[in-house]
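# Per-entry structural report
Residues per chain, in single letters:
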Amino acid sequence: MTLSRRAALFLLAFGVWSWVIWPTFLSNIWADERSWAPSGGPAPFFVVHAVLTAASLLFGTIIGLLGWRGLAAARRAGKG
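Residues numbered from 1 in each chain as written. Predicted model: local features only at pLDDT ≥ 70, side-chain atom pairs only at ≥ 80, totals over all residues. Heavy atoms only, no water.

### A closer look at the overall build of the protein
Per the secondary structure count, the protein includes two helices and zero strands. For the protein, the C-alpha radius of gyration of 18 Å lies well beyond 12 Å, the compact-globule estimate for 80 residues. Projected onto the principal axes, the alpha-carbon positions of the protein cover approximately 65 × 20 × 10 Å. Considering the protein as a whole, with its 80 residues, one finds that 21% of them fall into the buried category. A sequence separation of at least 24 residues applies to 61% of the contacts in the protein between residues at least 6 apart. As presented, the protein carries roughly 5,900 Å² of accessible surface, and 71% of it is formed by carbon and sulfur atoms. (Helix = DSSP H or I, 4+ residues; strand = E, 2+ residues; numbered from the N terminus. Rg over C-alpha atoms; globule rule 2.2 N^0.38 Å. Buried < 20%, exposed > 50% of the residue type's maximum accessible area, 1.4 Å probe, protein only. Contact = heavy atoms within 4.5 Å. Areas by Shrake-Rupley, 256 points an atom, 1.4 Å probe, with all protein chains shown as cover.)

### A few points about the pattern of salt bridges
Tallied over the entire structure, the rule returns one salt bridge. R34 serves as the salt-bridge partner of D32, at 2.7 Å between the closest nitrogen and oxygen. According to the relative accessible area criterion, D32 is buried, its value standing at 18%. (Salt bridge = Lys/Arg side-chain N within 4 Å of Asp/Glu carboxyl O.)

### Remarks on a nonpolar patch on the surface
Where nonpolar side chains cluster on the molecular surface, the patch consists of V16, W17, V20 and I21 and spans about 390 Å² of accessible area. Relative to the helices and strands, V20 is located in helix α1 (residues 5-31). The class of V20 is partly exposed, set by a relative accessible area of 46%. (Patch = residues over 30% accessible without salt bridge, like charges linked within 9 Å, V, L, I, M, F, W, Y side chains within 5 Å.)

### Some thoughts on the side chain of T53
Topologically, T53 is positioned in helix α2 (residues 44-79). Residue T53 is classed as buried on the basis of its relative accessible area of 2%. Ignoring sequence-local partners within four residues, the contact set of T53 consists of W22, F25 and L26.

### Considerations on the packing of aromatic side chains
For the structure on display, the rule yields four aromatic pairs. Here a set of aromatic residues connected by ring pairs shows up, and it is made of W30, W36 and F46. (Phe/Tyr/Trp six-rings, centres within 6.5 Å; stacked < 30°, edge-to-face > 60°.)

### Thoughts on the side chain of S18
You can see S18 is positioned in helix α1. On the basis of relative accessibility, which here comes to 3%, the residue S18 falls in the buried class.

### Some details on the environment of V47
As for its placement among the helices and strands, V47 is situated in helix α2. Classification of V47 by relative accessible area gives partly exposed; the value is 41%. C-alpha of V47 to C-alpha of I29: the two residues are 18 residues apart in sequence and 10.0 Å apart in space.

Structure representation (structure tokens):
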């Protein structure tokens, strides 16, 4: 499969965007009073959002790497 330069840049931008947005989101969730149970431990609200953040970072990383590899392949193809 060949990935266009435009598609590769989009995937790479998506990966970077994920790493900008999701840590900020988790920081906001961390500060939310609903994140912590009265006993001091994490509440289900926090756990669900932490799992969502982890999954999104994982997918963002994979998608960004696909974009990076697509750009590298496009560079190699352009030189040959």
